[in-house]
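# Report on the structure
The primary structure of each chain is shown beneath.
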Amino acid sequence: MLLPLPTVGPDPSMSDARAPECPLDDAAALRRQLDACRDELAALRQEQATFAHGISHDLRAPLRAIESFSALVAADATLAAATRSHVERVRAAAARMDGLIVALLELSRVSRAELQAQRVELGLLAEWSVAELREAEPGRDARIEVDPGLYVLGDERLLKLLLEQLLGNAWKFSRERDCVQIQVSGERAGGRLQLAVRDSGCGFDMRYSERLFQPFQRLHGPEQGGGHGLGLAIAQRIVERHGGRLHARALPAAGSEFGFDLPAAADA
Amino acid sequence: MSTDRMPDERPARANAHREILLVEDNPDDIELTRIAFGEAKIANELTVVRDGAEALDYLFARGDHAGRDPHQLPSIVLLDLNLPKVDGREVLQAIRDNPVTRSLPVVVMTTSAEPFDVEASYALGVNSYIQKPVDFERFVWAVKQVGLYWLVLNQPRDSA
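Residues numbered from 1 in each chain as written. Chains lettered and ligands numbered in written order. Predicted model: local features only at pLDDT ≥ 70, side-chain atom pairs only at ≥ 80, totals over all residues.

## Description of the overall build of chain B
- Counting its secondary structure elements, chain B contains 5 helices and 5 strands.
- The order of α-helices and β-strands along chain B, N terminus first, is β-α-β-α-β-α-β-α-β-α.
- When burial is assessed residue by residue, chain B has 35% of its 160 residues classed as buried. (Helix = DSSP H or I, 4+ residues; strand = E, 2+ residues; numbered from the N terminus. Buried ≥ 20, exposed ≤ 12 C-beta atoms within 10 Å, placed from the backbone.)

## Concerning the overall build of chain A
- In terms of regular secondary structure, chain A is built from 6 helices and 7 strands.
- Helices (α) and strands (β) of chain A occur, in sequence order from the N terminus, as α-α-α-β-α-β-β-α-β-β-α-β-β.
- When each of the 268 residues of chain A is scored for burial, the buried share is 29%.
- Pairs at least 24 residues apart make up 71% of the contacts formed inside chain A by residues separated by at least 6 positions. (Contact = placed C-beta atoms within 7 Å.)

## Focus: the interface of chain B and chain A
- At the junction of the two partners, chain B supplies 17 residues and chain A supplies 17 residues.
- If you list the elements that add at least two residues to the side of chain B that touches chain A, you get helix H1 (27-39) and helix H5 (136-153) of chain B.
- The leading source of residues in the side of chain B that touches chain A is H1(B), at 4 residues.
- Looking at the side of chain B that touches chain A residue by residue, the classes come out as 7 nonpolar, 4 polar and 6 charged. (Nonpolar A, V, L, I, M, F, W, Y, C, P; charged D, E, K, R; others polar.)

## Some words on unusual backbone geometry
Residues and elements named next belong to chain B.
- Although it is not a glycine, lysine 41 adopts a positive phi angle of roughly 60 degrees.
- Mapped onto the fold, lysine 41 is located in the loop between H1 and strand E2 (46-49).
- When the 11 C-beta atoms within 10 Å are taken as the criterion, lysine 41 is described as exposed.

## Here's the deal with the sheet that holds strand E5 (residues 128-131) of chain B
Residue and element names in this part refer to chain B.
- Taking strand neighbours across the sheet as the criterion, the 5 strands line up as E2-E1-E3-E4-E5 in an open arrangement whose pairing is parallel. On the outer flanks of this sheet lie E2 and E5, each paired with one strand and no other. Taken pair by pair, the neighbouring strands of this sheet meet at an average axis angle of 20 degrees, ignoring direction. (Pairing = 2+ DSSP bridges. Axes fitted to C-alpha atoms, helices over the stretch in contact; angles between N-to-C directions.)

## Observations concerning helix H5 (residues 156-172) of chain A
- Its 17 residues give H5(A) an end-to-end C-alpha distance of 24 Å, which sits within 8% of 24 Å, the value for a rise of 1.5 Å per residue.
- Most of H5(A) is tucked away: 13 of the 17 residues are buried. (Expected span 1.5 Å × (residues − 1).)

## Re the packing of H5(A) against helix H6 (residues 231-241) of chain A
All names here are of chain A.
- Orientation of H5 relative to H6, taken along the N-to-C sense of each, is 140 degrees, at an axis distance of 9 Å. Compared by their axis directions, H5 and H6 come out oblique. Crossing handedness for the pair H5 and H6: left-handed. The segment H5 lies against H6, with Leu158, Leu161, Leu162, Gln165, Leu166, Gly168 and Asn169 engaging Gly231, Leu232, Ile234, Ala235, Ile238, Val239 and Arg241. (Parallel < 35°, antiparallel > 145°, perpendicular 65-115°, else oblique. Left-handed = near helix turned anticlockwise from the far one by under 90°.)

## Overview of the pairing of strand E1 (residues 20-23) of chain B
Residue and element names in this part refer to chain B.
- The two faces of E1 match: Ile20 and Leu22 on one face and Leu21 and Val23 on the other face are all buried.
- With 4 bridges joining them, E1 and E2 adopt parallel strand pairing. Across the sheet, valine 23 pairs through a bridge with valine 49, a residue of E2.
- The parallel pair E1 and E2, bridged by H1, forms a crossover whose chirality is right-handed. (Right-handed = clockwise from strand over helix to strand, strands pointing away.)

## Description of the confidence of the model for chain B
- For chain B, the average pLDDT comes to 86, and 88% of its residues sit at 70 or higher.
- The complex prediction reports pTM at 0.70, with the ipTM value standing at 0.76. (pLDDT = per-residue confidence, 0-100.)

## Things to note about the nonpolar core
- A:Leu122, A:Leu162, A:Leu166, A:Leu167, A:Ile234, A:Ala235 and A:Ile238 are the most contacted members of the largest nonpolar core, which has 42 residues in total.
- When residues of this core are traced back to their parent elements, those giving at least two are helix H3 (81-112), helix H4 (122-136), H5, strand E4 (179-189), strand E5 (192-199), H6, strand E6 (246-250) and strand E7 (256-263) of chain A.
- When residues in this core are grouped by element, the largest group, 9 residues, is from H5(A).
- Ignoring any residue separated from it by four or fewer positions in sequence, one finds A:Ile234 in contact with A:Ala103, A:Glu106, A:Leu107, A:Val110, A:Leu161 and A:Gln165.
- Counting residues in hydrophobic clusters, the runner-up holds 36 residues, among them B:Leu92, B:Leu104, B:Val106 and B:Val126. (Core = buried A, V, L, I, M, F, W, Y, C linked by C-beta atoms within 7 Å.)

## Observations regarding the confidence of the model for chain A
Residue and element names in this part refer to chain A.
- The predicted model of chain A has a mean per-residue pLDDT of 84, with 88% of residues at 70 or higher.
- By mean pLDDT, helix H1 (residues 14-18) is the weakest element of chain A at 45, and strand E3 (residues 151-155) is the strongest at 95.
- This model gives residues 1-18 a pLDDT under 50, and the stretch forms 21 contacts once residues within four places in sequence are excluded.

Take a look at the structure:
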C-alpha cells in the first residue's frame, strides 16, 4: 500500500481522534491505547521511510535512463533541428521530474527527521543561502539586509533548508525587478523569535494565501518563476516541527512577507 | 580540457590496467556506465555481474567463476545497493569479512541518497559513496572523477 503524502499540519496525534472511546477512568487502558498509538505511528514512519526509499531508487533509475539516452541522441550532430528540439524537451521534462522527486523526498524527510536542536544564528544561514543564490546567478543585482543577532534554538540542517526555500522564492519572484531586495528581520516575543522575510518581488494574490502552503499548489506559472509547488509546503513543515507557524502576506507596495516563529535562544 | 587529461608522468600503478568490476542489475545503467567510461577515456576492462550472489562468486572464485584466480582482484568494485538475491550491503559485508578482499576499494554507485543508505554503507566500510546523477553530463563527470581517483591517483595495497 502506498502511503499518502505527509500532510501539512501538526504531528499526527491519533490519540485525539480516539479520545472519546477511551475509558477515561482507567489509566491502564489509556496507557495501553497510547502504546498502541505509538506503535502504529512508528510503523507508519517506517512505512514512509520505505516508501521514500522506493521513490528515491525505483523512480529515479528509469528517469536517469530517459535523460541519459536522450542526451546521447541530442549529441548527434546530424540531427534535424525539429528533432533536436523535441529531444531537448524530453530532457527538460526529465530534469523537472527529477527536481520534483528530490523535493518530495525532502518533504518526507523533513516530516520524519529527528530534530537535532542547537543554538543557531539564523542570519548566518540567510547569508549562506544568499551566497548560493548569487553564485547560481552572478549577474543579478541584489541587496540583502539581515538583522544581527537572530539566535534561535533549532535543527540547523532543517533551518538552512527553510531559509533556502524562503530566500529562493524571494529571489525567483523578483526576476522582473532590476534589483533583488530581501530583508530578514526578527523580534523577540517571550520565548519565541518572531521572524520575517520580506521581498519586493511580484507578490501574490492574497485571496489564495492559504493555498501557498499546500503541496502541489502554485500561484505562478513557470514563466513567472513557479516551480514544483512543494517549496513552501516544506518550509511550513519545518516551522511546524519547531512548534511555530508560517504565514504569508502580500505587501501593499508589491512584494511579499513570510512571517514565522521559532524558539528563541539566549543572545550571548 | 587539459586538466581532464591524465598526467603523463604518472607512477606505474598496479591499478592502471586491472579490470573494474561493476555490480549492477539494470541493463540501462550497465550500458550508460560503459558509455561514460568510454567518454572518460578509461580503458580498463569492465567486468559486469548482475546480482550480489554473482559478485561474490566472482570475487571468491566459486560457482560459475570457480576457475578464476581469487588473488586476481579487480582494481575497484562499483557496487549498486539494490540488487537481486544478495543486496549491495551484504556484498560489502562479505568483501570486508574476507581477508583476501578486505582492502579492495569499493565505491557504492547508486540512485539513492537516503541518509539511511549512506550511513549503512559507511558503517560497513565502503570507501566512497556516490549518488548517480540523473543528468547524463554530470554522470559522465562523476565516472571520470572516480576513474581518475581510484585508478590513477590512489596507491592500492599490494595484493597477494
